[in-house]
Amino acid sequence: MVALALAAASPDRLPPVDQCSGDPSFERFRSDLADIVGRQDKERLLELVNDNVQVDLGGDGYGKRAFIAAWTLDIPQQSKVWGEIATLLRLGCISGEGGNLMPSLFEQVGPDRDLLETFVAVIPGSPLRSEPRVDASAVATLHWDVLTLEEVVGDLDWWRVRLSDGRRGYVRAGEARNPLDYRLFVSKADGIWRIRALVAGD
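Residues numbered from 1 in each chain as written. Predicted model: local features only at pLDDT ≥ 70, side-chain atom pairs only at ≥ 80, totals over all residues. Heavy atoms only, no water.

**Q** Looking at this model, I keep getting lost on the sheet that holds strand β11 (residues 183-189). Mind explaining?
**A** What holds strands together in a sheet is hydrogen bonding between their backbones, with the strands either parallel or antiparallel. Reading across the sheet, the five strands line up as β1-β12-β11-β3-β2 and stay open at both edges, with mixed pairing between neighbours. Every other strand in the sheet has two partners, leaving β1 (49-54) and β2 (94-95) as the edge strands with one partner each. Sitting on the sheet, helix α1 (residues 24-39) is in contact with β3 (100-102), β11 and β12 (192-199), with an inclination near 55 degrees to β12. (Pairing = 2+ DSSP bridges. Helix = DSSP H or I, 4+ residues; strand = E, 2+ residues; numbered from the N terminus. Contact = heavy atoms within 4.5 Å. Axes fitted to C-alpha atoms, helices over the stretch in contact; angles between N-to-C directions.)

As structure tokens, then:
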């Protein structure tokens, strides 16, 4: 995938950045993709997927068949690809020589952070709770805060995390994202934008 160097140091907050909006053709692609996701249109999605799309980092996960299998697109209504791409589309975009990468936070995290322990609060206004319960008091209100994971609680539903100022609390798993979570890489060939990779991991 495209290699970029956006951040020299890790700030306390990482709101998404969008470097990709200057290209009208990409804006049309992104709008079309959002529409396809909203309609859960498998056929149209596969038209945007490159024939040699990468679906994992293990070396064997390439091609449309692998993409369909990885995202259980044989039963489109049950596929998690729609929610994943919808999330990626709202989390910024980084532009490089090889193409565009979403979300932006993969390239925003500075080199001084351990990616396995670093998360970003991606639901502005979500609370950092004093206990791993939805009715627990709020320690802080999160707005793209960088979080350090300290412990996974229960059945992966809650994470105990630390803010940069030292405060600790609990955040629900769906309200924070690790930079190594899924990334969507797209590039343009013969005037057409295609999905080249949808992968997670290091």
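Anyway, onward from the coordinates.
**Q** Just checking my understanding: could you explain the packing of aromatic side chains for this structure?
**A** Two numbers describe a pair of aromatic rings. These are the distance of the centres and the angle of the planes. Under the definition given, this model contains five aromatic pairs. Here the aromatic rings of Trp71 and Tyr182 are separated by 4.9 Å at their centres, their planes lie at 55 degrees, and the arrangement is tilted. Of this pair, Trp71 sits in the loop between α3 (64-70) and α4 (81-89) while Tyr182 sits in the loop between β10 (176-177) and β11; the two residues are 111 residues apart in sequence, bridging distant segments of the chain. Among the residues examined, Trp71 registers a relative accessible area of 7% and is labelled buried. Measuring from centroid to centroid gives 4.5 Å for Phe119 and Trp159, while their planes differ by 50 degrees, and the two rings are tilted. Taken together, the residues span a long stretch of sequence, with Phe119 in strand β4 (residues 118-121) and Trp159 in strand β8 (residues 158-162) at a distance of 40 residues. When sorted by exposure, Phe119 lands in the same class as Trp159, which is buried. (Phe/Tyr/Trp six-rings, centres within 6.5 Å; stacked < 30°, edge-to-face > 60°. Buried < 20%, exposed > 50% of the residue type's maximum accessible area, 1.4 Å probe, protein only.)

**Q** Whenever I open this one, the state of the cysteines confuses me. Can you help?
**A** Simply put, disulfide is the name for a covalent bond between the sulfur atoms of two cysteines. Counted according to the given criterion, the structure contains one disulfide. For Cys20, the disulfide goes to Cys93, at an S-S distance of 2.1 Å. One disulfide, between Cys20 and Cys93, carries an S-S torsion of -85 degrees and so falls in the left-handed class. Of this pair, Cys20 sits in the segment before α1 while Cys93 sits in the loop between α4 and β2, placing them 73 residues apart in sequence. Neither Cys20 nor Cys93 differs from the other in exposure class; each is buried. (Disulfide = S-S within 2.5 Å.)

Purely geometric stuff here, so don't read any function into it on its own.
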